[in-house]
Protein chains: 2
Amino acid sequence: MHDLREEIQIMTRRLGFLNRNCCRTDEHDLSPIQSSILFEIERQHAPSMQQVAETLGTDITTFSRQVQALIKLGLVKKTPNPDDRRIQLLSLTTEGRQTAARIDAEMNAYLKDVFDKLSEEEQETVFRSIQLLNNAMLKSDRCCTPFPG
Amino acid sequence: MHDLREEIQIMTRRLGFLNRNCCRTDEHDLSPIQSSILFEIERQHAPSMQQVAETLGTDITTFSRQVQALIKLGLVKKTPNPDDRRIQLLSLTTEGRQTAARIDAEMNAYLKDVFDKLSEEEQETVFRSIQLLNNAMLKSDRCCTPFPG
DNA sequence: TTATTTATTTGCAGTATGCAAGTATTAGCG
DNA sequence: CGCTAATACTTGCATACTGCAAATAAATAA
């Protein structure tokens, strides 16, 4: 298991490059962070500010401003939770959903291009390995959380 | 191969969290970017500014300042190439090598902690999959380079 | 009711970013 | 050789991201 760190470093970097170029639709020119906010809002059902901020590991104050920017772009909506009006529930506007869908399609196209370099069997193995790694990182408490204990 | 993007998104994020907490030794409190600069300078043999900047996908002007900061910290050295004095060759100082080694050890400890959640066989599979993915990304020209063609 | 906790927002100060322009050195070409 | 163009790198500047501290607003506890 020699050079594990090196391989991971390289993978992370290349996936970072991928991310950079995958957030531009004709209408909007989003940053990777903005793109991942759309992604998470869609993934979680009507999450609060804090939930998404924690998922992404960004400070709530920074996150608050990022959301403001996305609202100004007309992609995100904030609705106070009727049961507790301190909490703002986040959701995508119609345009936000469209934008997220376009970005998702583009990302998938890029990923397909990468995976097409592999055999069917390798594709399966790699996909399954990513799941394994994700689970392992989740189990580790010394590692891979925004604010380690 | 359902939810591939989602798994990759999550993996990238968790590896990003890992990276954040792995750049602090007792002596220095480096940013992930600074840490990766040390890593690359060591990996490439006496690289020029441009080479490292391009590897990392950062603008040369930003990179120039990052290197200045590392020089001020006493971790990096710049030596003009005698054959072409426009070129500055980068190398680590003794302290830079020590710092890089400490970060490397810490990163490996974190990675070990993660991989220990997997069976021997799974570890092998995951490692090999990362290599496969790295090669696939390298082959793809639509993807995963800092400035796509 | 009043004090405390929780969710979010704003003030501010420090840092990172990249484009445009600048300097220094080398290469090309008459 | 002498001049222009190209290359490697650095600085000026304007912008954006960051997070801590403090403020606001709403809910809970006492």
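In this convention, every chain numbers its residues from 1, walking through the sequence in written order. Numbering of ligands from 1 and lettering of chains from A proceed in the order in which they are written. Only residues with pLDDT of 70 or above have their local features reported here, since the model is predicted, and side-chain atom pairs are shown and tallied only from 80 upward, although totals for entire chains, interfaces and linings are computed over all residues. As a convention, hydrogens and water are excluded, and side-chain values are obtained from all of the structure's heavy atoms.

Glancing now at the protein's contact with DNA strand D. Here, proximity means that at least one heavy atom of the residue falls within 4 Å of the molecule or strand. Around DNA strand D, the structure places 21 residues, and the nearest of them are Arg65(A), Gln66(A), Met49(B), Ser64(B) and Lys78(B). Atoms of DNA strand D within 4 Å of the protein: sugar and phosphate make up 63%, bases the balance. Under this definition, polar contacts are N or O atom pairs within 3.5 Å; protein pairs additionally need one hydrogen-donor-capable and one acceptor-capable atom, and for neighbouring residues in sequence, both atoms have to be side-chain atoms. The side chain of Asp59(A) places a nitrogen or oxygen atom 3.4 Å from a phosphate oxygen of DNA strand D. Gln66(A) is positioned such that a nitrogen or oxygen atom in its side chain is 2.7 Å from a phosphate oxygen of DNA strand D. Helix numbering and strand numbering both begin at the N terminus, where a helix is a DSSP run of H or I of at least 4 residues and a strand a DSSP run of E of at least 2. For the surface near DNA strand D, the element with the highest residue contribution is helix H4 (residues 60-72) of chain B, accounting for 5 residues. Nonpolar residues are Ala, Val, Leu, Ile, Met, Phe, Trp, Tyr, Cys and Pro. Charged residues are Asp, Glu, Lys and Arg, and all others, Gly as well, are polar. Within the surface near DNA strand D, the residues separate by chemical class into 4 nonpolar, 9 polar and 8 charged.

Before going further, it helps to examine the protein's contact with DNA strand C. The environment of DNA strand C is made up of 21 residues, and the closest members are Met49(A), Gln50(A), Ser64(A), Lys78(A) and Gln66(B). For DNA strand C, the backbone portion of the atoms within 4 Å of the protein, that is sugar and phosphate, comes to 67%. Here Arg65(A) contributes a side-chain N or O atom positioned 2.9 Å from a base oxygen of DNA strand C. Within the side chain of Arg86(A), an N or O atom sits 3.0 Å from a base oxygen of DNA strand C. Listed by contribution, the elements that provide at least two residues to the surface near DNA strand C are helix H3 (49-56), helix H4 (60-72) and strand E2 (84-92) of chain A together with H4 and strand E2 (84-92) of chain B. Partitioning the surface near DNA strand C into residue classes produces 4 nonpolar, 9 polar and 8 charged.

Below, the discussion takes up unusual backbone geometry. Residue and element names in this part refer to chain B. At Asp3, a residue that is not glycine, the phi angle is positive and equals roughly 70°. Tracing the backbone shows Asp3 in the segment before helix H1 (4-20). Positive phi values are uncommon outside glycine, yet Ala46 reaches one of about 45°. You can see Ala46 is positioned in the loop between helix H2 (32-43) and helix H3 (49-56).

The superposition of copies rests on a least-squares fit of C-alpha positions from residues with pLDDT of 70 or more in both. The transform that puts chain A on chain B rotates by 180° and translates by 0.0 Å along the axis, for an RMSD of 0.1 Å. Interpreted geometrically, this transformation is the action of a two-fold axis. We call two residues contacting when some pair of their heavy atoms lies within 4.5 Å. Most of the interface of chain A is mirrored in chain B, where 100% of its interface residues are also at the interface.

Time to look at the packing of H2(B) against H3(B). Residue and element names in this part refer to chain B. Note on geometry: axes are C-alpha line fits, over the in-contact stretch for helices, and angles between N-to-C directions span 0 to 180 degrees. Where H2 meets H3, the closest approach of the two axes is 10 Å, and the angle between their N-to-C directions is 125°. Classified by the angle between their axes, H2 and H3 sit oblique to one another. The crossing of H2 and H3 is right-handed. Between H2 and H3, the contacting residues are Ser36, Ile37, Glu40 and Ile41 on the first element and Val52, Thr55 and Leu56 on the second. Across the contact of H2 with H3, the residue classes break down as 4 nonpolar, 2 polar and 1 charged. To sort the angles, those under 35 degrees are grouped as roughly parallel, those over 145 as roughly antiparallel, those from 65 to 115 as roughly perpendicular, and the leftovers as oblique. What makes a crossing left-handed is the near helix being turned counterclockwise from the far one by less than a right angle; a clockwise turn instead makes it right-handed.

Attention now moves to helix H5 (residues 94-115) of chain B. In an α-helix, one turn spans 3.6 residues, which is why side chains three or four residues apart end up on the same side. Spanning 22 residues, H5(B) covers 31 Å between terminal C-alpha atoms, matching the ideal 32 Å at 1.5 Å per step. Against the buried residues of H5(B) lie helix H1 (4-20) and helix H6 (120-139) of chain A together with H1, H2, E2 and helix H6 (120-139) of chain B. A helix is expected to span 1.5 Å for every residue after the first.

Time to look at the interface of chain A and chain B. With 64 residues of chain A in contact, the opposing surface of chain B contributes 64 residues. Here the buried area means the combined drop in accessible surface, using a 1.4 Å probe, for two parts upon being joined, counting both sides. Counting each side, the surface lost to burial between chain A and chain B is near 6,600 Å², with a carbon and sulfur contribution of 65%. When residues of chain A are sorted by the area they lose upon contact with chain B, Met1(A), Arg5(A) and Arg14(A) head the list and together hold 12% of the total. Each reported salt bridge corresponds to a side-chain nitrogen of Lys or Arg within 4 Å of a carboxyl oxygen of Asp or Glu. Inspection of the chain A/chain B interface yields 6 salt bridges. A salt bridge links Asp104(A) to Arg5(B); the nearest nitrogen and oxygen atoms lie 2.7 Å apart. Summed over the shared surface of chain A and chain B, the result is 18 residue pairs in polar contact (both at pLDDT 80 or more). Mapped onto the side of chain A that touches chain B, the elements with two or more residues apiece are H1, helix H2 (32-43), H3, helix H5 (94-115) and H6 of chain A. At 17 residues, the largest contribution of residues to the side of chain A that touches chain B is made by H6(A). Of the residues contributing to the side of chain A that touches chain B, the split by class is 30 nonpolar, 16 polar and 18 charged.

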